[in-house]
Number of protein chains: 2
Amino acid sequence: MTEHTVTAFDAELKDLQSTIAEMGGLAEKMQADAIDALSRQDIKLAQQIIAVDARLDHLQREIEEKAILTIARRQPMAIDLRDVIATIRIANDLERVGDLVKNMAKRILAMEGHFPPQKLLAGINNMSLMALAQFKAVLDAYTQRDAQAALAVWQRDGEIDNLYNSLFRELLTYMMEDPRNIGFCTHLLFGAKNVERIGDHATNIAETVYFLVTGQNLGVDRPKGEGIEPTA
Amino acid sequence: MTEHTVTAFDAELKDLQSTIAEMGGLAEKMQADAIDALSRQDIKLAQQIIAVDARLDHLQREIEEKAILTIARRQPMAIDLRDVIATIRIANDLERVGDLVKNMAKRILAMEGHFPPQKLLAGINNMSLMALAQFKAVLDAYTQRDAQAALAVWQRDGEIDNLYNSLFRELLTYMMEDPRNIGFCTHLLFGAKNVERIGDHATNIAETVYFLVTGQNLGVDRPKGEGIEPTA
């Protein structure tokens, strides 16, 4: 690349990265708000979460378009190319996290009037907090270009899966105890599945960060939300 | 582009498109096999489905890498650029369809010994057949570059959502009737959700084909698997 091209490339990359930072901030806030809205049955907050999601969708499209133009115009190589590809991949994961949180917010609205007892919310709350912690940690790893921190996030995904499996069992028991619990327990089952999938997206981002920094792929033997719950 | 570049670009695009065709064929076969495996409780077939998924994952990575190299090396513009981007997007959707079918195959294994009555399978079977028909139609629309056919797939997505909602209600009723049904009904609930999401991926591909052919985006007001089931 000529010097002119380098400067133009750097400016474009910086712009992409600051859009990722904006998306990350929004997705993080949506998750924290969803935890609040669920534990306080806050319908208004749930509606706000739903409204924010459109912004994430918009930013994801913007990143994809700009990144592809940058690849075509600047023809970056090696680490520079990985940097641009990383923004496309991470934006994709952040957009999907937004969809999953929005889905949980819609479930909060749907449960109005048939809200589960607080006791039952503890499990999904814990799981959501752990997914949020993973999510924050991986965005930090991206900002810091920290492959080891990304690897740590990747290795911790199993903990969310374990919480999910025990929550799943608890919800099934509750459904079996009283058929009137089946409605909201089903919302919580799908909600817990959503949180598990948020954890998977944090793991995806960890893989992207690791690849970005080291040029190596992490193993492919990770369970990607394909686990089956123990129902028997 | 010079004539040499055009020829090189055409060859690379053709290669990408034939890999998409291979992925489409595999994903279609996985879906058809999953319908068979569920209705015949065929454990062996379910295991084969699970094994095939790795090939889809591999091909998706291959397409992404090759497509990005093509963009960097050939700097395609307008329709040519859209063509390459389309292969990245469609490969992404096909890979996820593979994950969803694999998840259903794992549920078939998990239900061994506690299999639902045939009567209950009719609903999910119908839904799966409709999703498969949508999936075939949209892959044809891609091969034919047929924007109208893509639009028709896009408009039909609501029918799968309607089937999903009525199946959902049926499964809830069954769970309430007898707690011993809750285990396999939960697998079928998640399985039905997977089929609904396969329908969403067909709709995503329809949007990609429409954009590829016309350069225009279809509306963004489509429900993307974010619908909430009626539990009350």
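Residues numbered from 1 in each chain as written. Chains lettered and ligands numbered in written order. Predicted model: local features only at pLDDT ≥ 70, side-chain atom pairs only at ≥ 80, totals over all residues. Heavy atoms only, no water.

Draft legend 1. Broad picture of the layout of surface pockets. There is about 220 Å³ of room inside the second largest pocket. Considering the residues around the second largest pocket, the lining is formed by Ala78(A), Leu81(A), Arg82(A), Ile85(A), Arg89(A), Phe211(A), Asn217(A), Arg61(B), Glu64(B), Glu65(B), Ile68(B) and Leu69(B). When contributions to the lining of the second largest pocket are tallied by element, the ones reaching two or more residues are helix H3 (78–110) of chain A together with helix H2 (43–74) of chain B. Grouping the constituent residues of the lining of the second largest pocket by class yields six nonpolar, one polar and five charged. (1 Å grid on protein atoms, 1.4 Å probe; cavity = no way out; pocket = protein on both sides within 12 Å on 5 of 7 lines; lining within 4 Å. Points joined across faces, edges and corners; volume = space filled by probe spheres on them. Helix = DSSP H or I, 4+ residues; strand = E, 2+ residues; numbered from the N terminus. Nonpolar A, V, L, I, M, F, W, Y, C, P; charged D, E, K, R; others polar.)

Draft legend 2. Spatial organisation of the interface of chain A and chain B. At the junction of the two partners, chain A supplies 45 residues and chain B supplies 45 residues. For Glu64(A), the salt bridge identified is with Arg89(B), shortest N-O distance 2.3 Å. Connecting chain A to chain B are four residue pairs in polar contact (both at pLDDT 80 or more). Residues belonging to the side of chain A that touches chain B are distributed by class as follows: 17 nonpolar, 12 polar and 16 charged. (Contact = heavy atoms within 4.5 Å. Salt bridge = Lys/Arg side-chain N within 4 Å of Asp/Glu carboxyl O. Polar contact = N/O pair within 3.5 Å; in protein donor to acceptor, adjacent residues only side chain to side chain.)

Draft legend 3. Spatial organisation of the packing of H3(A) against helix H4 (residues 118–144) of chain A. All names here are of chain A. For the pair H3 and H4, interaxial distance at closest approach is 13 Å and the crossing angle is 160 degrees. Classed by the angle they form, the pair H3 and H4 counts as roughly antiparallel. Seen from above, H3 lies across H4 with left-handed handedness. Facing H3, whose interface residues are Thr87, Ile90, Leu94, Val97 and Met104, H4 presents Ile124, Phe135, Leu139 and Tyr142. (Axes fitted to C-alpha atoms, helices over the stretch in contact; angles between N-to-C directions. Parallel < 35°, antiparallel > 145°, perpendicular 65-115°, else oblique. Left-handed = near helix turned anticlockwise from the far one by under 90°.)

Draft legend 4. Local environment of the relation of the copies chain A and chain B. Relative to chain B, chain A is turned by 180 degrees and slid 0.0 Å along the rotation axis, the superposed coordinates differing by an RMSD of 0.0 Å. Within this description, the copies of the chain are treated as partners about a two-fold rotation axis. Across chain A, the smallest distance between a C-alpha and the rotation axis is recorded for Ala72(A), namely 2.5 Å. (Least-squares fit on C-alpha atoms with pLDDT ≥ 70 in both.)

Draft legend 5. Local environment of the environment of Glu28(B). All names here are of chain B. One can find Glu28 in helix H1 (residues 3–40). Looking at Glu28, the relative accessible area reads 24%, which means it is partly exposed. Each C-alpha atom of the pair Glu28 and Asp10 lies 27 Å from the other, and the pair is 18 residues apart in sequence. (Buried < 20%, exposed > 50% of the residue type's maximum accessible area, 1.4 Å probe, protein only.)

Draft legend 6. View of H4(A). Its 27 residues place the ends of H4(A) 38 Å apart at the C-alpha level, agreeing with the 39 Å of an ideal helix rising 1.5 Å per residue. Positive phi appears at Arg145(A), one or two residues downstream of H4(A), with a value of about 55 degrees. (Expected span 1.5 Å × (residues − 1).)

Draft legend 7. A look at the packing of aromatic side chains. What the rule picks out here adds up to five aromatic pairs over all chains. Three or more aromatic residues joined by ring pairs make a cluster, and in this case those are Tyr164(A), Phe168(A), Phe190(A), Tyr164(B), Phe168(B) and Phe190(B). (Phe/Tyr/Trp six-rings, centres within 6.5 Å; stacked < 30°, edge-to-face > 60°.)

Draft legend 8. Looking closely at the confidence of the model for chain A. In the predicted model, chain A carries a mean pLDDT of 92, and the fraction of residues at 70 or more is 94%. Listed scores for the predicted complex are pTM 0.89 and ipTM 0.84. (pLDDT = per-residue confidence, 0-100.)

Draft legend 9. Region of the structure containing the side chain of Asp53(A). Examined against the element boundaries, Asp53(A) turns out to sit in helix H2 (residues 43–74). Asp53(A) has contacts with Met30(A), Glu95(A), Gly98(A), Asp99(A) and Lys102(A), leaving out every residue within four places of it along the chain.

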